[in-house]
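# Working through the structure, step by step
The primary structure of each chain is shown beneath.
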Amino acid sequence: MHLFSRLNLSQTNRISHRGFTLIHTLLVLVIISGSVLLISVNPLERVARLEEELILRQFEAQVSLLQSYSYLKEKPTRIQFRPYPTNRIDFIGVDANDIQIESVVLPSSIHLKTNTSIKFSNTGVSNNMITVKMQRHNEEINYRFQLGAGRLFKDIL
């Protein structure tokens, strides 16, 4: 009986040490792919890019809000673009008691190149045909305000 117990013990040791299991292989594969992913993608750069996109969308939404306000309240408004060093966009009503829309301060990675203002009449339309230019990394962003309707078009070059 002692002989059979030794035989079974030696067979189980041989089977358990044959090689890697599927779980070992998958674990090594996950560790290697995770380290390659961390090296190849810079998370801080991705966060900065998302912040830029959010600020540009905030600008677009506030333009629409200002136009709607002009139309509904029948009051003229304007947008003032202020390039370097302030690098911000102000949304201005007729008087101090008018609408309070927060200014958009552009991050340092986006450079406002246009120093102008756009006026909206009391019907929410613009009598100006203006292109506002911004530079972001290797691309130029142009916002075109359509004459009459005051629509906003975004071109990325």
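Residues numbered from 1 in each chain as written. Predicted model: local features only at pLDDT ≥ 70, side-chain atom pairs only at ≥ 80, totals over all residues. Heavy atoms only, no water.

## Side note on the sheet that holds strand 4 (residues 110–112)
What counts here: Paired strands are those between which DSSP finds at least two bridges. Helix and strand definitions here come from DSSP, where helices need a minimum of 4 consecutive H or I residues and strands a minimum of 2 consecutive E residues; each element is numbered from the N-terminal end. For helices, the fitted line uses only the C-alpha atoms of the stretch in contact; every axis is such a line through C-alpha atoms, and the angle between N-to-C directions lies from 0 to 180 degrees. The contact definition used throughout considers only heavy atoms, calling two residues in contact when any of these lie within 4.5 Å.
Pairing is antiparallel in the open sheet, where four strands are placed in the order 4-6-7-8. Where the open sheet ends on each side, the last strands, each with one partner, are strand 4 and strand 8 (152–156). With strand direction ignored, the average angle separating the axes of adjacent strands in the sheet is 25°. Two strands pair when backbone bridges link them, and strand 7 (residues 139–145) and strand 8 are joined in this way by five bridges, in the antiparallel orientation. Looking across to strand 8, one finds that Phe 145 is bridged to Leu 152. Against the sheet, helix 3 (residues 43–73) engages strand 4, strand 6 (130–136), strand 7 and strand 8, with an angle of about 10° to strand 7.

## A look at the nonpolar core
Note the following rule: To form a nonpolar core, buried Ala, Val, Leu, Ile, Met, Phe, Trp, Tyr and Cys residues must be joined to one another through side-chain atoms within 4.5 Å. Type-normalised accessible area, obtained with a 1.4 Å probe on protein chains alone, sets the label of each residue: buried when under 20%, exposed when over 50%, and partly exposed for intermediate values.
Residues Phe 59, Phe 81, Ile 89, Phe 91, Val 132 and Met 134 are the most contacted members of the largest nonpolar core, which totals 22 residues. Of all the secondary structure elements, the ones that give two or more residues to this core are helix 3, strand 1 (77–82), strand 2 (88–92), strand 4, strand 5 (117–120), strand 6 and strand 7. At five residues, the largest contribution of residues to this core is made by helix 3.

## Quick look at the packing of aromatic side chains
In plain terms, the rule: Pairs were defined over the aromatic rings of Phe, Tyr and Trp, the Trp ring being its six-membered one, requiring ring centres within 6.5 Å. Orientation was assigned from the angle between planes: stacked under 30 degrees, edge-to-face over 60, tilted for the rest.
In the structure shown here, the tally under the stated rule is four aromatic pairs. Here the aromatic cluster, defined as three or more aromatic residues joined through ring pairs, consists of Phe 59, Phe 81, Phe 91, Tyr 143 and Phe 145.

## As for the environment of Leu 106
In this structure, Leu 106 sits in the loop between strand 3 (104–105) and strand 4. Sequence separation between Leu 106 and Arg 88 is 18 residues; the distance between their C-alpha atoms is 5.6 Å. Leu 106 has contacts with Ile 55, Asn 87, Ile 89, Leu 112 and Met 134, leaving out every residue within four places of it along the chain.

## Describing the confidence of the model for the protein chain
Stated formally: The pLDDT score gives, residue by residue, the confidence of the prediction method on a 0 to 100 scale.
Scored by pLDDT, the protein chain has a mean of 81; 81% of the residues are at 70 or more. Here helix 1 (residues 2–16) is the element of the protein chain with the lowest mean pLDDT, 53, and strand 4 is the one with the highest, 91.

## With respect to the sheet that holds strand 1
Overall, antiparallel pairing links the four strands, which are arranged 3-2-1-5 in an open sheet. Looking at the sheet topology across the chains shown, the edges are occupied by strand 3 and strand 5. For strand 2 and strand 3, the ladder comprises two bridges, and the chain directions are antiparallel. In the strand pairing of strand 3, Ile 89 is matched with Val 104. Against the sheet, helix 3 makes contact with strand 1, strand 2, strand 3 and strand 5, and its axis sits at roughly 155° relative to strand 1, the strand it touches most.

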